[in-house]
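Structural overview for review
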Amino acid sequence: MKTIFSISAVLLLCLVSCQTSNNNDNNNNNDNNSSNITFHASHLPERQNTPFSAAVETENLLFLSGQIGKDHKKGMLAPGGIKAETKQALENIKAVLAQHNSSLDRVVKCTVILADINDFKDFNSVYVQYFPNKPARTTFAAGGLAIGAKIEIDVIAAK
């Protein structure tokens, strides 16, 4: 009985030791990876103090914050409805990507939020002009968007 108890204790000790070693390895990997994450402020001077990053870079990916159809030079939503706001949102995305040496043809994933799902057809008619490579996409409607926007789009792009 003492032998079985001794063997069980040794196995338990080995198991705990291996698990602690793996946890330390995982923690070290997380520390190394977190040092490769860069949080980028907006390239627009008037947007430097927003409470979020315009883009977050890690490894060879850029994660962009959502863009609405706001013309930042004029300080207002692009007039003309969903098509105009979609075009402006995509132009905003294009500018952020260019700032980080990427482009729309490097986009691998889009998330699209519409204020009204009935705008899907009109949104899509503009969207397809910007993404001939057809990145993965999720589209849904929400109850409301910032400053009464009709659309918000965020993307993940390769550097």
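Given the structure is predicted, the values throughout are model-derived calculations rather than measurements.

Some points on the nonpolar core
With 23 residues, the main nonpolar core has Leu64, Ile93, Leu97, Val107, Phe131 and Ile153 as its most contacted residues. Of all the secondary-structure elements, those providing two or more residues to this core are β3 (61-64), α2 (82-99), β7 (107-114), α3 (120-130) and β9 (151-158). When residues in this core are grouped by element, the largest group, six residues, is from α2. In contact with leucine 97, not counting residues within four places along its chain, are Leu62, Leu64, Ser102, Ser103, Leu104, Val107 and Ala157. In this structure, Ile68, Ile113, Leu145 and Ala149 belong to the second largest nonpolar core, which totals five residues.

Observations concerning the environment of valine 112
Mapped onto the elements of the fold, valine 112 is located in strand β7. The spatial distance from the C-alpha of valine 112 to the C-alpha of glycine 66 is 8.7 Å, given a sequence separation of 46 residues. Setting aside chain neighbours within four positions, we find valine 112 in contact with Phe123, Arg137, Thr138, Thr139, Phe140, Ile151, Glu152 and Ile153.

Considerations on the packing of α2 against α3
Orientation of α2 relative to α3, taken along the N-to-C sense of each, is 30°, at an axis distance of 8 Å. In terms of their interaxial angle, α2 and α3 are classed as roughly parallel. Two packed elements cross with a definite hand, and for α2 against α3 that hand is right-handed. Taking contact as the criterion, the partners of Ile82, Lys83, Thr86, Lys87, Leu90 and Glu91 in α2 are, on α3, Asp122, Phe123, Ser125, Val126, Tyr127 and Tyr130. For the contact of α2 with α3, the per-class residue count stands at six nonpolar, two polar and four charged.

Conventions we followed
- Residues numbered from 1 in each chain as written.
- Predicted model: local features only at pLDDT ≥ 70, side-chain atom pairs only at ≥ 80, totals over all residues.
- Heavy atoms only, no water.
- Core = buried A, V, L, I, M, F, W, Y, C linked by side-chain atoms within 4.5 Å.
- Buried < 20%, exposed > 50% of the residue type's maximum accessible area, 1.4 Å probe, protein only.
- Helix = DSSP H or I, 4+ residues; strand = E, 2+ residues; numbered from the N terminus.
- Contact = heavy atoms within 4.5 Å.
- Axes fitted to C-alpha atoms, helices over the stretch in contact; angles between N-to-C directions.
- Parallel < 35°, antiparallel > 145°, perpendicular 65-115°, else oblique.
- Left-handed = near helix turned anticlockwise from the far one by under 90°.
- Nonpolar A, V, L, I, M, F, W, Y, C, P; charged D, E, K, R; others polar.

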